[in-house]
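# Architecture at a glance
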Amino acid sequence: MGVAGFVLYSLDPQPLARFYSALLDWPVSERQPDYLQLQHQGMELTLIQVPAAIAARIVLQDPPLPRSESACKPVFWVSDLDLARQRAAGAGGRLYEPEREWQFKGARVCDGIDPEGNIFQLRQTLSR
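Cut-offs applied
- Residues numbered from 1 in each chain as written.
- Predicted model: local features only at pLDDT ≥ 70, side-chain atom pairs only at ≥ 80, totals over all residues.
- Heavy atoms only, no water.
- Core = buried A, V, L, I, M, F, W, Y, C linked by side-chain atoms within 4.5 Å.
- Buried < 20%, exposed > 50% of the residue type's maximum accessible area, 1.4 Å probe, protein only.
- Helix = DSSP H or I, 4+ residues; strand = E, 2+ residues; numbered from the N terminus.
- Contact = heavy atoms within 4.5 Å.
- Arc of directions from axis to C-beta.
- Polar contact = N/O pair within 3.5 Å; in protein donor to acceptor, adjacent residues only side chain to side chain.
- Salt bridge = Lys/Arg side-chain N within 4 Å of Asp/Glu carboxyl O.

Once that is clear, we can look at the nonpolar core. Residues Tyr20, Leu23, Leu24, Leu45, Phe76, Phe120 and Leu122 are the most contacted members of the largest nonpolar core, which totals 23 residues. Looking at this core, the elements with two or more residues in it are α1 (13-24), β3 (35-40), β4 (43-49), α3 (81-90), β8 (107-113) and β9 (119-125). Element by element, the count of residues in this core is highest for α1, at 6 residues. Here Tyr20 is in contact with Leu8, Asp25, Leu38, Leu45, Phe76, Asp114 and Phe120, once residues within four sequence places are set aside.

Because each turn of an α-helix spans 3.6 residues, side chains separated by three or four positions end up pointing in the same direction. Restricting attention to buried positions, one finds in α3 the residues Leu81, Ala84, Arg85 and Ala88. For α3, the buried positions fall inside an angular range of 105° around the axis, keeping them on one side. Residues of α3 that are exposed and angled more than 90 degrees away from the buried face: Gln86 and Gly90. The elements touched by buried residues of α3 are α1, β6 (94-95), β8 and β9. The distance from a side-chain oxygen at the start of α3 to the backbone nitrogen of Asp82 is 2.9 Å, and the residue carrying that oxygen is Asp80.

Let us now look at the pattern of salt bridges. Side-chain pairing between opposite charges can occur once the charged atoms of the two side chains come close. Throughout the structure, instances matching the rule amount to 6 salt bridges. Note that Asp111 and Lys73 form a salt bridge whose closest N and O atoms lie 2.9 Å from each other. Of this pair, Asp111 sits in strand β8 while Lys73 sits in the loop between α2 (52-55) and β5 (75-77); the two residues are 38 residues apart in sequence, bridging distant segments of the chain. One connected set of salt bridges, linked through shared partners, spans Asp82, Arg85, Glu101 and Arg108.

Okay, here's the thing in structure tokens:
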């Protein structure tokens, strides 16, 4: 049986893989010409190259604008949101400020933006 995962279509999967690998401390488990995959503890993140015809119509801004109208948002667990905030900034994305965090089901939660504008969510278990 396979593992659960999430697929993100990317203009440039290599830098996006570097971002998520740095943010989550997940290794790249597979490299192919049109996709990269990161895998960790029964979860995989697959970054697929957007077809050239579609990519030609996409313009990213610097810094990237959040793609807030997407119906999906990947969620990842981290051991330390503050460290993840530093890692995100150092890898070309960002985690929102601590003032925008909230608590949900026993976790400290915060959204962030990757280098292509995709919104993701990080969760840290609250200390008991």
